[in-house]
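# Structural description and commentary
Residue strings, one per chain:
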Amino acid sequence: MKMVKRALMLVGILALLAVSAHLYAGWRVRAALLDAGMSARVSTCMARRMVRQLSFVQLLKLQALEGDKPTPGAWLRALREVDDPKVILVTTASAALCKVGIAR
């Protein structure tokens, strides 16, 4: 019985860590987008979509986008450097859909 309790406790702790990492990633993505000059509405929308569709490792790759990017061309060049087609697709689609207002 002790073994079952320990196993359940371990599963609970791992689930809590996974949820916490997911929430933290969403917060970081939203904060980075806000710092980049996007509106709160677009940042929130994009962060939600990106965290839902990308893995934690892929979200970590997006840290390469942090920093000053004065033009859309600079953003696209930085995004290509991530070198992950899914990250590029999800990020650009999220930006377009959220900016236009199709996604929320």
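Please read these numbers as outputs of a predicted model, since none were measured by experiment.

## Some words on the overall build of the protein
In terms of helices and strands, the protein carries 5 helices and 0 strands. For the protein, the N- to C-terminal ordering of α and β elements is α-α-α-α-α. Over its C-alpha trace the protein gives a radius of gyration of 17 Å, far above what one expects of a compact globule, namely 13 Å for 104 residues. Overall, the protein is about 60 × 25 × 20 Å in size when its C-alpha atoms are taken along their principal axes. Evaluated residue by residue, the protein yields a buried proportion of 29% over its 104 residues. Considering only residue pairs separated by 6 or more positions, the protein has 57% of its internal contacts joining residues 24 or more positions apart. In the form shown here, the protein has an accessible surface area of approximately 7,200 Å², with 67% of it arising from carbon and sulfur atoms. Within the protein, one finds 16 positive and 6 negative side-chain charges whose respective centroids are separated by 14 Å.

## Some details on the side chain of Ser43
Here Ser43 shows up in helix H2 (residues 40–53). With a relative accessible area of 0%, Ser43 lands in the buried category. A distance of 2.8 Å separates the side chain of Ser43 from the backbone oxygen of Ser39, its partner in a polar contact.

## Focus on the environment of Phe56
Take Phe56: it is sitting in helix H3 (residues 56–61). In this structure the C-alpha to C-alpha distance between Phe56 and Ala18, which are 38 residues apart in sequence, comes to 9.7 Å. When sequence neighbours within four positions are dropped, the list of residues in contact with Phe56 reads Ala21 and Ala25.

## A few points about H2
Taking 1.5 Å of rise per residue, the 14 residues of H2 would be expected to cover 20 Å, and the 20 Å separating its terminal C-alpha atoms lies within 8% of that figure. When we look at burial in H2, the residues that qualify are Val42, Ser43, Cys45, Met46, Ala47, Arg49, Met50 and Val51. On its buried face, H2 sits against helix H1 (2–35), H3 and helix H5 (85–100).

## Quick notes on a nonpolar patch on the surface
Where nonpolar side chains cluster on the molecular surface, the patch consists of Met9, Leu10, Ile13, Leu14 and Leu17 and spans about 520 Å² of accessible area. Checked against the element boundaries, Ile13 lands in helix H1.

## What to know about unusual backbone geometry
Its identity as a non-glycine residue notwithstanding, Asp83 has a phi of 60°, on the positive side. Mapping Asp83 onto the fold places it in the loop between helix H4 (72–81) and H5. For Asp83, a relative accessible area of 65% puts it in the exposed group.

## A closer look at the pattern of salt bridges
Counted by the stated rule, this structure contains 1 salt bridge. Between Asp84 and Lys61 there is a salt bridge; the shortest N-O distance is 3.2 Å. Placement of Asp84 in the loop between H4 and H5 and of Lys61 in helix H3 is noted, with a sequence separation of 23 residues between them.

Criteria and cut-off values
- Residues numbered from 1 in each chain as written.
- Predicted model: local features only at pLDDT ≥ 70, side-chain atom pairs only at ≥ 80, totals over all residues.
- Heavy atoms only, no water.
- Helix = DSSP H or I, 4+ residues; strand = E, 2+ residues; numbered from the N terminus.
- Rg over C-alpha atoms; globule rule 2.2 N^0.38 Å.
- Buried < 20%, exposed > 50% of the residue type's maximum accessible area, 1.4 Å probe, protein only.
- Contact = heavy atoms within 4.5 Å.
- Areas by Shrake-Rupley, 256 points an atom, 1.4 Å probe, with all protein chains shown as cover.
- Lys, Arg positive; Asp, Glu negative; His and termini not counted.
- Charge placed at Lys NZ, Arg CZ, Asp CG, Glu CD.
- Polar contact = N/O pair within 3.5 Å; in protein donor to acceptor, adjacent residues only side chain to side chain.
- Expected span 1.5 Å × (residues − 1).
- Patch = residues over 30% accessible without salt bridge, like charges linked within 9 Å, V, L, I, M, F, W, Y side chains within 5 Å.
- Salt bridge = Lys/Arg side-chain N within 4 Å of Asp/Glu carboxyl O.

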